Amino acid sequence: MKIMLVEDNDAIIMGLEYLLTQEGYQVYTARTAAEARQYSERESCDLVLLDIGLPDGNGFALCRKIKEEYRIPVIFLTAREEEADVVKGLDLGAEDYVIKPFRNRELISRIRSVLRRSGKGSVLLRCRDILLNTETGKVKKGEEEIPLTRLEYKILLSMMSWPGRLFTREEILADIWDVSGNFVNDNTLSVTMKRLREKLGDSDAQIIRTVRGMGYRMEK
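Residues numbered from 1 in each chain as written. Predicted model: local features only at pLDDT ≥ 70, side-chain atom pairs only at ≥ 80, totals over all residues. Heavy atoms only, no water.

What follows deals with the overall build of the chain. Summing up its helical and strand segments, the chain has eight helices and 14 strands in all. Its C-alpha atoms give the chain a radius of gyration of 19 Å, near enough to 17 Å, the size a compact globule of 220 residues would have. Counting only C-alpha atoms, the chain reaches 55 × 30 × 30 Å along its principal axes. Out of the 220 residues belonging to the chain, those deemed buried represent 45%. At a minimum sequence separation of 6, the contacts of the chain that also span at least 24 residues come to 56%. (Helix = DSSP H or I, 4+ residues; strand = E, 2+ residues; numbered from the N terminus. Rg over C-alpha atoms; globule rule 2.2 N^0.38 Å. Buried < 20%, exposed > 50% of the residue type's maximum accessible area, 1.4 Å probe, protein only. Contact = heavy atoms within 4.5 Å.)

Right, let's get into the nonpolar core. Residues Leu132, Leu156, Met159, Met160, Ile208 and Met218 are the most contacted members of the largest nonpolar core, which totals 23 residues. A per-element tally of this core places helix H6 (residues 150-161) first, with six residues. Residues Ala33, Phe60, Cys63 and Val74 belong to the second largest nonpolar core, which totals 21 residues. (Core = buried A, V, L, I, M, F, W, Y, C linked by side-chain atoms within 4.5 Å.)

Here we take up empty space enclosed by the protein. Under the counting rule described, the total for this entry stands at two cavities of 30 Å³ or more. In this structure, the second largest cavity occupies an estimated 30 Å³ of space. Lining the second largest cavity are Ser109, Arg112, Arg116, Lys154, Leu157 and Ser158. When residues of the lining of the second largest cavity are traced back to their parent elements, those giving at least two are helix H5 (104-117) and H6. When grouped by side-chain class, the residues that make up the lining of the second largest cavity number one nonpolar, two polar and three charged. (1 Å grid on protein atoms, 1.4 Å probe; cavity = no way out; pocket = protein on both sides within 12 Å on 5 of 7 lines; lining within 4 Å. Points joined across faces, edges and corners; volume = space filled by probe spheres on them. Nonpolar A, V, L, I, M, F, W, Y, C, P; charged D, E, K, R; others polar.)

So, about the packing of aromatic side chains. One pair of aromatic rings is described through two measures. These are the centre distance and the angle between the planes. Scanning the entire structure with this criterion turns up three aromatic pairs. Aromatic side chains tyrosine 28 and tyrosine 39 sit 3.9 Å apart centroid to centroid with 10 degrees between the ring planes, which places their arrangement in the stacked category. Of the two residues, tyrosine 28 is situated in strand E2 (residues 26-30) and tyrosine 39 in helix H2 (residues 33-42); the sequence distance between them amounts to eleven residues. The exposure class assigned to tyrosine 28 is partly exposed, which follows from its relative accessible area of 24%. On the basis of relative accessible area, tyrosine 39 is assigned to the buried category, the value being 8%. Ring centres of phenylalanine 76 and tyrosine 97 lie 5.8 Å apart, and the angle between their planes is 45 degrees; on these two criteria the pair is classed as tilted. (Phe/Tyr/Trp six-rings, centres within 6.5 Å; stacked < 30°, edge-to-face > 60°.)

Between lysine 100 and the following residue, proline 101, the backbone shows a cis peptide bond with an omega angle of -5 degrees. Secondary-structure assignment places proline 101 in the loop between strand E7 (96-99) and H5. The backbone of arginine 128 sits at a positive phi, close to 55 degrees, despite the residue not being glycine. Tracing the backbone shows arginine 128 in the loop between strand E8 (124-127) and strand E9 (130-133). Residue arginine 128 is classed as partly exposed on the basis of its relative accessible area of 44%. Even without glycine at this site, alanine 205 takes up a positive phi of about 55 degrees.

The next thing to look at is helix H3 (residues 59-70). Helix length check: H3, at twelve residues, gives a terminal C-alpha distance of 15 Å against a target of 16 Å (1.5 Å per residue), a fit within 8%. Where H3 is concerned, the buried positions are Gly59, Phe60, Leu62, Cys63, Ile66 and Lys67. All buried residues of H3 project into a common sector of 160 degrees when viewed along the axis, lining one side. Near the N-terminus of H3, the side chain that reaches the backbone nitrogen of phenylalanine 60, with its oxygen 2.6 Å away, is that of asparagine 58. The positive-phi residue at the C-terminal boundary of H3 is arginine 71, with phi of around 55 degrees. (Expected span 1.5 Å × (residues − 1). Arc of directions from axis to C-beta. Polar contact = N/O pair within 3.5 Å; in protein donor to acceptor, adjacent residues only side chain to side chain.)

This is the structure:
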């Protein structure tokens, strides 16, 4: 999937290009509204990460053009946190509004959510004999449906979206804290992972492997 990053801060560009590339996305960076418009005219992308303050204009105007002419999902990524700006961005049709500084795992989670809602994300995810339907929220092992809690489902969804990728405990904690709206501590994560493995029939940790001292990895 292609993401256009419209941002003029070098440090943020460097960090986001690395983060998004590591997550498997193709990234094109436009430092001005003019560059973003030129790119949109000759190339297609699946999502736009858009700052409001640009050297040659206003991100709001660019969002309006993108939504009217190209109908591409937009996430505002900006330091402007005033309620009026948030409301204006969403009223223009942006799918989300993320305020800087942001947490990396939370941003990735929001990107995946927007892509799924726009029909650009995968509906069916499969790892070995585990099948997850992102549209219905149902998880099956073979023909048997597996009932999961909200936290268990969120963890499994993240890991099945990127099989083979190492997820640190800190990343998972940030992700599930965001979705639940409640603080989730390290012990709760350990208990949740244990129960998730039990439900998946993964008592020997061959599906979700523990990388000692680092985190977890979903085997392909």
